[in-house]
Amino acid sequence: MSTVNKKNRNILIAVIVVCIIIFAIFGYLFLKNLSESNSKTADIPKFDGLEFKSKVKTRYATQFSIYKYKGGYAYIDLIDSDKILVVPKDGKVPKNLKDDIVVIKQPLDDVYLVSTSVMALFDSLDILDRIKFVGTNRWYIDNAKKAMDEGKWINAGNYNAPDYETLINEKCQLAIENTMVLHNPEVREKMTTLGIKNIIEKSFAEEHPLGRTEWIKVYGVIFDKEKEANEVFNKEAKKIEALKNIEKTGKKVAFFYVNSRGNVVTYKTNGYVPEMIRIAGGDYIFNNLGLDDESQLSTVNMSMEEFYETAKDADVIIYNCSIMAQLHNKDDLLAQSPVLKDFKAVKDGNAWCTTKSMFQQTDKMGTLIEEMNEILTDDKMEKDELDYFFRLK
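Residues numbered from 1 in each chain as written. Predicted model: local features only at pLDDT ≥ 70, side-chain atom pairs only at ≥ 80, totals over all residues. Heavy atoms only, no water.

(A) The overall build of the protein chain, seen in detail. When helices and strands are tallied, the protein chain shows 13 helices and 17 strands. Within the protein chain, residue pairs in contact and separated by at least 24 positions form 61% of the contacts whose partners lie at least 6 positions apart. (Helix = DSSP H or I, 4+ residues; strand = E, 2+ residues; numbered from the N terminus. Contact = heavy atoms within 4.5 Å.)

(B) Representation of the environment of Lys-105 within the structure. Position of Lys-105 among the secondary structure elements: in strand β5 (residues 101-105). When near neighbours in sequence (up to four residues on either side) are disregarded, Lys-105 contacts Val-87, Gly-91 and Val-93. Among the polar contacts made by the side chain of Lys-105, one reaches the main-chain carbonyl oxygen of Gly-91 at a distance of 3.1 Å. (Polar contact = N/O pair within 3.5 Å; in protein donor to acceptor, adjacent residues only side chain to side chain.)

(C) View of the confidence of the model for the protein chain. Residues of the protein chain with pLDDT of at least 70 account for 90%, and the chain-wide mean is 90. Every residue in residues 34-40 scores below 50 in pLDDT, and together they form zero contacts with partners more than four places removed in sequence or on other chains. (pLDDT = per-residue confidence, 0-100.)

(D) Main features of the packing of helix α8 (residues 226-241) against helix α13 (residues 365-377). The geometry of α8 relative to α13 is characterised by a closest axis approach of 7 Å and an angle of 25° between their N-to-C directions. In this view, α8 runs roughly parallel relative to α13, as classed from their interaxial angle. Relative to α13, the crossing made by α8 is left-handed. For the pair α8 and α13, the contacting residues are Glu-236, Lys-239 and Ile-240 in the first and Met-365, Gly-366, Thr-367, Ile-369 and Glu-370 in the second. Here the contact of α8 with α13 is built from residues that sort into three nonpolar, two polar and three charged. (Axes fitted to C-alpha atoms, helices over the stretch in contact; angles between N-to-C directions. Parallel < 35°, antiparallel > 145°, perpendicular 65-115°, else oblique. Left-handed = near helix turned anticlockwise from the far one by under 90°. Nonpolar A, V, L, I, M, F, W, Y, C, P; charged D, E, K, R; others polar.)

(E) Quick look at the nonpolar core. In this structure, Met-119, Tyr-219, Phe-307 and Ile-317 are the most contacted members of the largest nonpolar core, which totals 99 residues. Apart from the residues lying within four places of it in its own chain, the contact partners of Ile-317 are Ala-254, Phe-256, Leu-333, Phe-343, Ala-345, Val-346, Asn-350, Ala-351 and Trp-352. The next biggest cluster of nonpolar side chains, apart from the first, holds 13 residues, and it includes Tyr-112, Cys-172, Ala-175 and Val-187. (Core = buried A, V, L, I, M, F, W, Y, C linked by side-chain atoms within 4.5 Å. Buried < 20%, exposed > 50% of the residue type's maximum accessible area, 1.4 Å probe, protein only.)

(F) Focus on the sheet that holds strand β8 (residues 154-155). The parallel open sheet is built from five strands, whose spatial order is β8-β7-β6-β9-β10. Looking at which strands have only one partner, the edges of the open sheet turn out to be β8 and β10 (198-200). Here strand β7 (residues 131-134) pairs with β8 via two bridges, running parallel. Residue pairing in the sheet places Val-134 in a bridge with Asn-155 of β8. Across the face of the sheet, helix α5 (residues 185-194) comes into contact with β6 (111-113), β9 (174-177) and β10 while running at roughly 150° to β10. (Pairing = 2+ DSSP bridges.)

(G) Seen up close, the environment of Met-148. Within the fold, Met-148 resides in helix α3 (residues 142-149). The sequence separation of Met-148 and Asn-137 amounts to 11 residues, and the corresponding C-alpha distance is 7.1 Å. Ignoring any residue separated from it by four or fewer positions in sequence, one finds Met-148 in contact with Val-134, Thr-136, Asn-137, Trp-139 and Trp-153.

(H) The arrangement of α3 in detail. Of the residues making up α3, those classed as buried are Ala-144, Ala-147 and Met-148. The buried residues of α3 occupy an angular sector of 100° when projected down its axis, which confines them to one face. Turned more than 90 degrees away from the buried face of α3 sit Asp-142 and Asp-149, all of them exposed. Directly beyond the C-terminal end of α3, a positive phi value near 70° is found at Gly-151. (Arc of directions from axis to C-beta.)

(I) Fine view of the pattern of salt bridges. Scanning all chains against the criterion turns up 22 salt bridges. Across the pair Arg-130 and Asp-109 runs a salt bridge, and its minimum N-O distance is 3.8 Å. With Arg-130 in the loop between α2 (119-124) and β7 and Asp-109 in the loop between β5 and β6, the pair connects residues that are 21 residues apart, well separated along the chain. Judged by relative accessible area, which is 16%, Arg-130 ranks as buried. Between Glu-236 and Lys-239 there is a salt bridge whose closest N-O contact spans 3.5 Å. With Glu-236 and Lys-239 both in helix α8 and three residues apart, this pair spans about one turn of that helix. The burial state of Glu-236 is the same as that of Lys-239; both residues are buried. Members of the salt-bridge network, linked through shared partners, are Asp-378, Asp-384, Arg-391 and Lys-393. (Salt bridge = Lys/Arg side-chain N within 4 Å of Asp/Glu carboxyl O.)

(J) How the structure looks around the sheet that holds strand β4 (residues 83-87). Ordered in space as β1-β2-β3-β4-β5, the five strands form an open sheet in which the pairing is mixed. Of all strands in the sheet, those bounded by a partner on one side alone are β1 (52-55) and β5. The mean inter-strand angle of the sheet, taken between neighbouring strand axes irrespective of direction, is 20°. Bridge count between β4 and β5: five bridges; the pairing is parallel. Following the sheet pairing, Ile-84 is matched in β5 by Val-102.

(K) Inspection of the environment of Tyr-67 at higher detail. Tracing the chain through its elements places Tyr-67 in strand β2 (residues 64-69). The class of Tyr-67 is buried, set by a relative accessible area of 10%. The spatial distance from the C-alpha of Tyr-67 to the C-alpha of Ile-44 is 7.7 Å, given a sequence separation of 23 residues. With near-sequence residues (within four places) excluded, Tyr-67 lies in contact with Asp-43, Ile-44, Pro-45, Phe-52, Ser-54, Lys-55, Tyr-73, Ala-74 and Tyr-75.

Written as structure tokens, this is what we have:
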């Protein structure tokens, strides 16, 4: 064989080998994408007569998934909780639905709002008029207080003792509960028996604080306010993103309150409040508190002695007044326990308190973290009062 022919043959073999390799790579990628596509399709909930359109993207929330279908239908999967099918006005309810799916037909009115953390989201979406019943008179959101004062809502009892007769007679369409109702399972059972639709919202279980605000997307879908919901969420998300590159202050922070028995109630290390502190540039005083606790509670109870051992050296303490009586000054703080006077933060003038409204402001998580950052960076002590925090003097 001539040298030229041998050279041509080698080139041909090399070309064939390259083609085989390329074909194999493309084949692998095609099958991989096909497999992933089929896998994703398999995970999409299917309903008779409904065509899937898209899945709503979430950035921080992990406790819900929203699937959109053509014609204005939506399926909301509250993780380890309720399943909701939203049916548009004049839309037909699909056949062969599972018994555990809560069907909500739009427009939805006459809501019984028990979960206090949801009120701010309703307010931001301008849908307070969809509420007819509430589970408490203690509201700290201006528009909610105004509605109560004007007698627009009916107090239908709290989570463990609702006024069933009123809810039935006044035609309640949906009760929105928080997980406290799980301590009284008979309440949900009776509601279901009486035909009162009810769901449990789980925003408290979000580890990232913005996950709590992102729950506004759930109500945006239910009440046909998706555009407004995205606007509210994106506004708060921008505030968090602006803090991504801030320098850590190195300051240790304790966040707590003293209950009626004299015990301290503070947060597990992996909770959303410690995460707020970290995003704001601080360090939560407890490194591994409650990490082995598998309960759904986000808080930990401890004796004042246990709390003192670690938190006495905190650079900043923040007293949570959202549950107990409002403190106004340092004397009020020391009345909770005299040993607090020995805390470094109290001696240095860095004892702060929340307003009563703070934990009802689910729509303002970005703002709250901004204010925490102001507290941590106010080395000259030039600020004493913010919108949701104030210095105890």
